[in-house]
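If you want the building blocks of each chain, they are given just below.
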Amino acid sequence: MYLGLDLGTSGVKALLIDAGQGVIGSGHGTLDVSRPHPGWSEQDPLHWIRACEEAIAELKASHPGQFAAVKGIGLSGQMHGATLLDAADHVLRPCILWNDTRSHVEAAALDADPRFRTLTGNIVFPGFTAPKLAWVKNNEPAVFAKVAKVLLPKDFLRLWLTGEHISEMSDSAGTSWLDVGKRRWSADLLAATSLDENHMPALVEGTAKAGALRAELASKWGVEAGIPVAGGAGDNAASACGMGTVGAGHAFVSLGTSGVLFAANASYLPNPASAVHTFCHALPNTWHQMGVILSATDSLNWLSEITGKGAGELTSELGDSLKAPTGVSFLPYLSGERTPHNDSAIRGSFTGLAHESSRAVLTQAVLEGVAFAFRDSLEALKTAGTTLTRVTAIGGGSRSRYWLKAIATALQLPVDIPADGDFGAAFGAARLGLIAATGADPLSVCTAPKTDATIEPDSALGGAYADAYHRYRALYPAVKAVTA
C-alpha cells in the first residue's frame with residue numbers, strides 16, 4: 001500500500017492506494033484560515049500536523065489491515081507558504097499563505113530586479129514566498145533575525161514525518177528563489193532577500209526518496225519504521241501526476257473556483273511577461289506551465305447569488321446545444337486577473353446589454369467569458385513555445401457539458417472527460433510515494449485515466465466564437481482605461 005498526503009488550505013486528505021493504483025480509501029482533517037487584517041491569510045503550522053493526524057486516524061480506522069501494509073508515502077501541498085523556523089525548528093510565526101497579498105510592495109520591488117524574472121522564469125507575485133520574507137524583514141525584524149529555516153507547507157509536514165529539512169523542485173519553483181532552468185537554489189536571489197542556502201531545505205526530485213518515517217510515528221501508526229517519504233510535489237504538479245499530465249503536449253483545464261490551464265513540458269520554456277507560471281514538474285527533467293484565471297466557477301457562483309438561482313439551474317436553461325454568442329460579453333475579472341494581464345485592480349463587466357438580455361443570455365455570456373479567459377491562457381502558452389492538441393477537463397465546472405462545449409470551441413481543441421475516479425493531488429502524491437519506494441518508471445506509473453467522452457469544437461460556430469473572442473480581447477484595455 002502507498003499513502004498520499006495532500007495539505008490543502010481547507011484541510012488535509014490522506015489517500016491509500018494499492019500496488020495496482022486502486023484507491024482503497026481516504027481520510028480527512030479540517031483546517032481554518034486566519035485573516036487578522038485585510039489582505040492577510042495565515043495558518044498555524046501545528047494545525048497542519050493535527051489535521052494530518054485526524055486524516056490518518058480516520059483512514060486507519062476504516063482500513064486497518066491495508067494501512068498497516070504502507071510501504072511508501074508521498075506529499076502534496078498548497079504552494080508558496082512561508083513557514084519560518086528557528087534553529088531548534090520551532091515555528092516563529094503563523095505561516096503566510098499563498099493567497100496573502102500583504103507583500104505587494106516588496107513583490108514589486110523584487111520584480112523590478114531583472115535577475116528574478118531571468119532566473120525564475122516568472123513574475124514575482126505577492127503570493128510567492130520571497131516577497132513574504134522581505135515583508136517580515138521590513139515589518140517584523142525581530143522574527144526575521146531568528147529565522148534559521150524557511151519551509152513550504154508540505155515540507156513542514158515532512159519535517160514532522162522524517163526529521164529532515166528537504167523540499168523538491170515543483171514546490172520550490174514557486175518561491176522566487178529557485179533557478180528554475182537549472183533546478184537549484186540561486187544564491188543571488190536569496191541574497192536579494194538577505195538569506196542564503198543555509199536557510200533553505202535540501203532539494204531532490206519529486207520522485208526521489210526524501211527522508212524516512214520516524215520510528216515514533218511508525219510505532220504509533222502500526223507500520224514499518226523507515227518507510228521512504230517521496231519528495232512529492234506542489235498541489236498542481238501533484239494533480240498533474242494524478243491525471244497523467246507529465247509528457248510534453250499533455251494538458252488539463254481545471255474548472256474550479258479559479259481556473260488553470262496546465263501544460264507539461266520536456267524543456268524549460270519561460271514567458272514571464274504574459275503572467276504564465278513556468279515551474280519545474282515533479283518528474284526529473286520536466287517542467288510545466290500554467291495559465292491562471294482567478295474567477296472561473298466563481299463567476300458562475302456570483303451570477304447564481306445575484307439571480308437567486310443555483311448554478312445548475314442557470315446552465316440548464318441553456319439546453320444541450322451550443323448557441324452562437326449573442327453580442328453580450330462578460331469579463332470574468334471579479335477579483336482581478338493573473339494570466340495574461342497580471343492586474344489585481346481590474347474588475348469584471350458585462351457589455352452589450354439590451355432590453356432583451358435575459359437571465360439565460362447573461363449565463364451564456366459568463367460561460368463564454370471564462371472560456372475566452374482560458375483562450376487567453378492558451379495564446380500565452382503558444383507564445384512560450386507550447387502547442388496543445390487536446391486538453392482533459394477536471395474540476396466542478398466540468399460537470400456542465402454546455403460549458404465544456406464552449407471551452408472546446410473557444411480553444412478550438414477537443415476536450416476529454418475522464419472516467420469517474422479520484423485523480424487529484426492526493427492520488428498524485430501516492431503515485432510519487434510508490435515510485436520512491438519501488439523505483440518504478442515514473443512514466444509507467446503516472447498514466448492518464450480512461451476517457452469517458454470527448455467534446456469536439458463546434459465547427460459551425462467556430463467563426464462566431466472567433467469574432468466574440470476578438471470583442472473580448474478589445475474590452476480589457478477599454479475597461480482598464482476608464483477604471484485605472
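Placed above this text is the structure.
Structure report, in brief. (Residues numbered from 1 in each chain as written. Predicted model: local features only at pLDDT ≥ 70, side-chain atom pairs only at ≥ 80, totals over all residues. Heavy atoms only, no water.)

Details of the overall build of the chain
The number of helices and strands found in the chain is 18 helices and 24 strands. Relative to the 2.2 N^0.38 estimate, which gives 23 Å for 484 residues, the radius of gyration of the chain is 22 Å and therefore close to what a compact globule would have. Principal axes of the C-alpha set define a box for the chain whose edges measure 70 × 50 × 40 Å. The proportion of buried residues among the 484 residues of the chain is 58%. Pairs at least 24 residues apart make up 72% of the contacts formed inside the chain by residues separated by at least 6 positions. (Helix = DSSP H or I, 4+ residues; strand = E, 2+ residues; numbered from the N terminus. Rg over C-alpha atoms; globule rule 2.2 N^0.38 Å. Buried < 20%, exposed > 50% of the residue type's maximum accessible area, 1.4 Å probe, protein only. Contact = heavy atoms within 4.5 Å.)

As for helix H12 (residues 297–307)
Every α-helical turn comprises 3.6 residues, leaving residues that sit three or four positions apart pointing alike. For H12, the full list of buried residues reads Thr297, Ser299, Leu300, Leu303 and Ser304. Down the axis of H12, the smallest arc covering the buried residues is 155 degrees, so these residues share one side. Of the exposed residues in H12, the ones pointing more than 90 degrees away from its buried face are Glu305 and Ile306. Structurally, H12 contributes buried residues whose contacts are with strand E16 (251–255), helix H13 (311–316), strand E20 (329–331), helix H14 (359–383) and helix H15 (401–411). In the segment just after H12, Gly308 is the residue with positive phi, at about 75 degrees. (Arc of directions from axis to C-beta.)

Examining the side chain of Asp100
Tracing the sequence through the fold places Asp100 in the loop between strand E7 (95–96) and helix H3 (104–111). For Asp100, a relative accessible area of 1% gives the class buried. A distance of 2.6 Å separates the side chain of Asp100 from the backbone nitrogen of Ser41, its partner in a polar contact. One polar contact links Asp100 to Arg102, side chain to side chain, over a distance of 2.8 Å. Aside from chain neighbours lying at most four places away, what touches Asp100 is Gly39, Trp40, Ser41, Pro126 and Gly127. (Polar contact = N/O pair within 3.5 Å; in protein donor to acceptor, adjacent residues only side chain to side chain.)

Side note on the nonpolar core
Grouped together as the largest cluster of nonpolar side chains are 64 residues, with contacts concentrated most on Leu84, Leu133, Trp177 and Leu432. Counting residues per element, this core draws most heavily on helix H16 (residues 425–438), which supplies eight residues. By size, the runner-up hydrophobic cluster in this structure holds 55 residues, among which are Ala263, Leu378, Ile407 and Tyr465. (Core = buried A, V, L, I, M, F, W, Y, C linked by side-chain atoms within 4.5 Å.)

Thoughts on the sheet that holds strand E22 (residues 391–394)
Spatially, E18-E19-E17-E16-E22-E23-E24 is the arrangement adopted by the seven strands of the open sheet, whose pairing is mixed. In this open sheet, the two strands that pair with only one neighbour each are strand E18 (277–280) and strand E24 (451–455). With strand direction ignored, the average angle separating the axes of adjacent strands in the sheet is 25 degrees. Examined bridge by bridge, strand E23 (residues 415–418) and E24 share four bridges and lie antiparallel to one another. Within E24, the residue paired with Ile417 across the bridge is Ala453. Seen against the sheet, H14 touches E16, strand E17 (259–265) and strand E19 (287–293) and runs at an angle of roughly 25 degrees to E17. (Pairing = 2+ DSSP bridges. Axes fitted to C-alpha atoms, helices over the stretch in contact; angles between N-to-C directions.)

Considering the pairing of strand E5 (residues 72–77)
The element E5 is largely enclosed, with a buried count of six among its six residues. Residues of E5 alternate between two faces, with Gly72, Gly74 and Ser76 on one and Ile73, Leu75 and Gly77 on the opposite face, all of them buried. The pairing of E5 with strand E15 (residues 233–234) spans two bridges and is classified as parallel. What sits directly across from Ser76, in E15, is Ala233.

A few points about the packing of aromatic side chains
This model, assessed by the stated rule, comprises 16 aromatic pairs. Consider the rings of Trp48 and Phe156, whose centres lie 6.0 Å apart with planes at 75 degrees: the pair is edge-to-face. You can see Trp48 sitting in helix H1 (residues 45–62) and its partner Phe156 sitting in helix H7 (residues 153–162), a full 108 residues away along the chain. The pair formed by Trp48 and Phe156 is uniform in burial state, with each residue classed as buried. In this structure an aromatic cluster arises from ring pairing among Phe372, Tyr465, Tyr469 and Tyr472. The positively charged end of Arg102 is found above the aromatic ring belonging to Trp135, 4.7 Å away from the centroid. Above the face of the Trp287 ring, Arg183 is positioned so that its terminal group lies 4.8 Å from the ring centre. (Phe/Tyr/Trp six-rings, centres within 6.5 Å; stacked < 30°, edge-to-face > 60°. Lys NZ or Arg CZ within 6 Å of the ring centre and 35° of its normal.)

Here we look at the pattern of salt bridges
Overall, the coordinates contain 22 salt bridges when judged by the stated rule. Where Arg50 meets Glu54, a salt bridge forms, and the shortest distance between an N and an O atom there is 3.2 Å. Here Arg50 pairs with Glu54, and both are found in helix H1, just four residues apart, close to one helical turn. With relative accessibility at 33%, the residue Arg50 sits in the partly exposed group. (Salt bridge = Lys/Arg side-chain N within 4 Å of Asp/Glu carboxyl O.)

As for the packing of H14 against helix H18 (residues 462–483)
Running from amino to carboxyl end, H14 crosses H18 at an angle of 80 degrees, the nearest separation of the two axes being 10 Å. One element, H14, and the other, H18, form an angle in the roughly perpendicular class. Mapping the contact onto sequence places Glu368, Gly369, Phe372, Ala373, Arg375, Asp376 and Glu379 in H14 and Tyr465, Ala468, Tyr469, Tyr472 and Arg473 in H18. (Parallel < 35°, antiparallel > 145°, perpendicular 65-115°, else oblique.)

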